[in-house]
Amino acid sequence: MTKALYPGSFDPVHLGHLDVVEAVAPLFSEIVVVAMFNPAKTDGFFELDEREALLSATFAHLSNVTTTRFSGLVVTAAAQLGADVIVKGVRSASDLDVEVQMAHTNKAVTGIQTVLVPSEPAHSFVSSRFIREISNCGEDVSSMVPTSVTEALGRRKANS
Ligand code: PNS
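The notes below deal with the structure included here. These figures come from a predicted structure and were not determined experimentally.

**Topic: the site of the ligand**
1) Next: Neighbouring the ligand are Pro7, Gly8, Ser9, Phe37, Asn38, Lys41, Gly72, Leu73, Val74, Lys88 and Met102.
2) Next: Ser9 places a polar side-chain atom, nitrogen or oxygen, 2.6 Å from an oxygen atom of the ligand.
3) Next: One of the backbone N or O atoms of Val74 is found 2.7 Å from an oxygen atom in the ligand.
4) Next: The protein chains hide 71% of the 520 Å² of surface that the ligand would expose on its own.
5) Next: Mapping the ligand onto the cavity grids shows that it belongs to the largest pocket.
6) Next: Of the residues in the shell around the ligand, the class split is 5 nonpolar, 4 polar and 2 charged.

In structure tokens:
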């Protein structure tokens, strides 16, 4: 019985994130997907509670996946939620550099191991940052996000 934590800003969650969770769902008994509050990124696009709601809608079809939010370190979230491992997606060599260093750091701090999962090639170019940028400029990003995110972006636009 191994419980995994999949942390991220998820601002917003996209199809690359969905690929990662669908890939690891059969490998772990439980996966908690956590929308992390990052004090360094105060110019958030979606509020934390909306990011969590979008996570919940995105992973509703996976019976061993739950979602929550957390403010603090990833290693603290892992300890508080009783996770055995951290899962991270890797899209590119530059992602790998950062994630390997982060994995070693997190292991040095609390001993928790990180499992790195390569992105599916079909979505390896997708990033939340570019989704925000393109959506802000009025273009359609529905090919890169779940339906619930497309709908939330539509509501956001209508309310602006
Ligand atoms: O790429 P993302 O989705 O913005 O990643 C966010 C997060 C918090 C998962 C990533 O920055 C990370 O793993 N950081 C490790 C250091 C940490 O715990 N930071 C917490 C501040 S939110």
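**Considerations on the packing of aromatic side chains**
1) Next: Evaluated as defined, the whole model comprises 2 aromatic pairs.
2) Next: Here the aromatic rings of Phe45 and Phe46 are separated by 5.3 Å at their centres, their planes lie at 90 degrees, and the arrangement is edge-to-face.
3) Next: The exposure class assigned to Phe46 is buried, which follows from its relative accessible area of 3%.
4) Next: Taking the ring centre of Phe45 as reference, the NZ or CZ of Arg156 above it sits at 3.7 Å.
5) Next: Lying across the ring of Phe46, Arg156 places its NZ or CZ 6.0 Å from the centre.

**Side note on the layout of surface pockets**
1) Next: Approximately 1400 Å³ is the volume attributed to the largest pocket.
2) Next: The wall of the largest pocket is formed by 45 residues, among which Gly8, Ser9, Phe10, Asn38 and Lys41 lie closest to the centre.
3) Next: Put simply, the parts of the chain that give the lining of the largest pocket at least two residues each are strand 1 (3-8), helix 1 (15-24), strand 2 (30-37), helix 2 (48-58), helix 3 (74-81), strand 4 (85-90), helix 4 (93-110) and helix 5 (128-136).
4) Next: With 8 residues, the top contributor of residues to the lining of the largest pocket is helix 4.

Conventions used here
Residues numbered from 1 in each chain as written. Predicted model: local features only at pLDDT ≥ 70, side-chain atom pairs only at ≥ 80, totals over all residues. Heavy atoms only, no water. Near = heavy atom within 4 Å. Polar contact = N/O pair within 3.5 Å; in protein donor to acceptor, adjacent residues only side chain to side chain. Areas by Shrake-Rupley, 256 points an atom, 1.4 Å probe, with all protein chains shown as cover. 1 Å grid on protein atoms, 1.4 Å probe; cavity = no way out; pocket = protein on both sides within 12 Å on 5 of 7 lines; lining within 4 Å. Sits in = over half its atoms within 2 Å of the grid points. Nonpolar A, V, L, I, M, F, W, Y, C, P; charged D, E, K, R; others polar. Phe/Tyr/Trp six-rings, centres within 6.5 Å; stacked < 30°, edge-to-face > 60°. Buried < 20%, exposed > 50% of the residue type's maximum accessible area, 1.4 Å probe, protein only. Lys NZ or Arg CZ within 6 Å of the ring centre and 35° of its normal. Points joined across faces, edges and corners; volume = space filled by probe spheres on them. Helix = DSSP H or I, 4+ residues; strand = E, 2+ residues; numbered from the N terminus.

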